[in-house]
Amino acid sequence: MYRLSVVLSLLVAACVAEQKFPPGFKFGAATAAYQVEGAWNVSDKSPSIWDTFTHENPDFIADKSNGDVACDSYRLWETDIAVAKDMGLHFYRFSVSWPRLLPNGYSNYVSEDGKRYYNNLINGLIENGIEPVVTLYHWDLPQKLQDLGGWTNPELARLFEDYAKVAFGLFGDRVKTWITFNEPVIICDAAYETGRMAPGIVLPGIGTYICAKVVVLAHARAYRLYDTKFRAQYQGKVGLTDQHLWCEPKNSDEVENAELIRNLLALYAYPIYSKTGGWPPSVEKLIAEKSEKEGYSRSRLPTFTQEEIELIKGTYDFYGLNYYTSRMVETAQPGQYLYWPMTGSSEFGLALSPDPSWTNGHDWLISFPPGIRRQLHWLKQQFGDIEFKILENGYSTAEPVMFDEERVNYYKDHLEQVLLAINEDKVNVTAYTAWSLIDNFEWINGYTSRFGLVNIDFNDPDRKRTPRASAHYYAAVIKSHSLDLPHHSRGFLKILFDKIIT
């Protein structure tokens, strides 16, 4: 009876006023190399920082697992394409593994095996009518480059440019959307603030900010390279994607603090997307003042030269947004929990916590759908009427449930807010990406956190893939190009009901 009531509630939810997405709006799903490929030491691939981190620090991972095999997508890439095609995806976002393509980290040696693998994947997607959307860096730095200092070594900006040149040259004739970096806030803030993400080095307030400048410069160099050497021939688009946490003031006294955290989360966006360039002024000012009080000879947040400001400013063709959850901001009390991936929570003495009225989720992922609309509106106010692509949005569960009602509701509720942003706020959103296509190795959560539209049986040597109810729901949205599904409801509900009883 309970499950039948769920199905009926979905029918009622589907029968709403017409909610069409704009013509040309694209739907996709995403994965990342380390999380799905496996084959960590196949052929001439060298170790990444996540290979090293998980092998040397298994206790840091919830289930002591790693990505050595993961979803075995290195071997099962054709199966992944079939899953994407069955869902009707317009595009599939995946990442290139730097140490698989360039085992030495340097561009002097390109792996034939790595080249073959990504060519097969790209060609296979295109042959099945699916656009490849490629991320150059989704956290798996070659360990050989980490040994040189990783993202705190300024030389990494040039080495990333060299890596990008190889990728653009090999795949740019077919890949028309490139993402340079996925979530610099994790690459720098989460990694160096806590040491609980690869490379596992704790340098709070120092390494974090050095990393931030190097990553932003690396992005800019890759963009300028594409602009000057590849754009005329290939006519593609290049951007990066930031993770944003929408922040609400907990009370009227915290309005300025909430805005400060919003600006802090835009640390990697201001140099690129703002009219003036450089760091967010409020963040730069406060860190400089605090650094002086602490006795530093200069700010811990490295400044940009005017030449660097001009190099970075305007290096975008779109804004990539990853959004999952929101938080309330308040002045921290002694011992109060601080939201861990963010430097500013400790830097500025601010605590972030979910509102008790928001829908519960798994672990850190508390669902607050209005947050995605408010974040899009805020970004438009800050950076103007530019193109936005939602490049990650999704929901995790602790168990591999197949009739995943919570995930279906999460997607429906967030897509409704995206439509409101488009129709009411006139935000130019052109794409939506579900995270993730399949269950995968979810970083420090290992395999205890399931984000997949498609279930992976990790006990099966062939990693059997089985679509969840959310996959059928998302396929129906894509097919109808709408959240209004009455004309699909009978077939849609039959699919869900069949899934329940089987």
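Preceding this paragraph is the structure being described.
Figured I'd write up the structure that's included with this text. None of the values given here were measured: they were computed from a predicted structure.

1. Some details on the overall build of the protein
On a plain count of helices and strands, the protein comes out with 19 helices and 11 strands. A compact globule built from 502 residues should have a C-alpha radius of gyration of about 23 Å, and the protein, at 22 Å, falls within 12% of that. Seen through its principal axes, the protein has C-alpha atoms that stretch 70 × 60 × 50 Å. Contacts in the protein between residues at least 24 apart in sequence constitute 77% of all its contacts with a sequence separation of at least 6. Accessible area for the protein stands at about 19000 Å²; split by element, carbon and sulfur atoms hold 52% of it.

2. Some points on the pattern of salt bridges
Tallied over the full model, the rule gives 30 salt bridges. Of the charged contacts in the structure, one is a salt bridge between Lys26 and Glu131, with a shortest N-O distance of 2.9 Å. Separated by 105 residues along the polypeptide, Lys26 in strand β1 (residues 26-30) and Glu131 in strand β3 (residues 131-137) bring together distant segments of the chain. On the basis of relative accessibility, which here comes to 36%, the residue Lys26 falls in the partly exposed class. Note that Arg465 is salt-bridged to Asp80, the shortest N-O span being 2.9 Å. Of this pair, Arg465 sits in strand β11 (residues 465-467) while Asp80 sits in helix α4 (residues 77-87), and the two are 385 residues apart along the sequence. Per residue, the accessibility class of Arg465 equals that of Asp80, and both read buried. Among the charged side chains, a salt-bridge network with shared partners connects Lys290, Glu294, Arg300 and Glu347.

3. With respect to a nonpolar patch on the surface
A cluster of nonpolar side chains, namely Ile201, Leu203, Ile206 and Tyr296, defines an oily patch on the protein surface of about 300 Å² accessible area. Here Leu203 is to be found in the loop between α9 (184-194) and α10 (207-234). Residue classification places Leu203 among the partly exposed positions, given a relative accessible area of 36%.

Each value, and the rule that gives it
Residues numbered from 1 in each chain as written. Predicted model: local features only at pLDDT ≥ 70, side-chain atom pairs only at ≥ 80, totals over all residues. Heavy atoms only, no water. Helix = DSSP H or I, 4+ residues; strand = E, 2+ residues; numbered from the N terminus. Rg over C-alpha atoms; globule rule 2.2 N^0.38 Å. Contact = heavy atoms within 4.5 Å. Areas by Shrake-Rupley, 256 points an atom, 1.4 Å probe, with all protein chains shown as cover. Salt bridge = Lys/Arg side-chain N within 4 Å of Asp/Glu carboxyl O. Buried < 20%, exposed > 50% of the residue type's maximum accessible area, 1.4 Å probe, protein only. Patch = residues over 30% accessible without salt bridge, like charges linked within 9 Å, V, L, I, M, F, W, Y side chains within 5 Å.

From the geometry alone we can't say anything about function, so treat these as descriptive.
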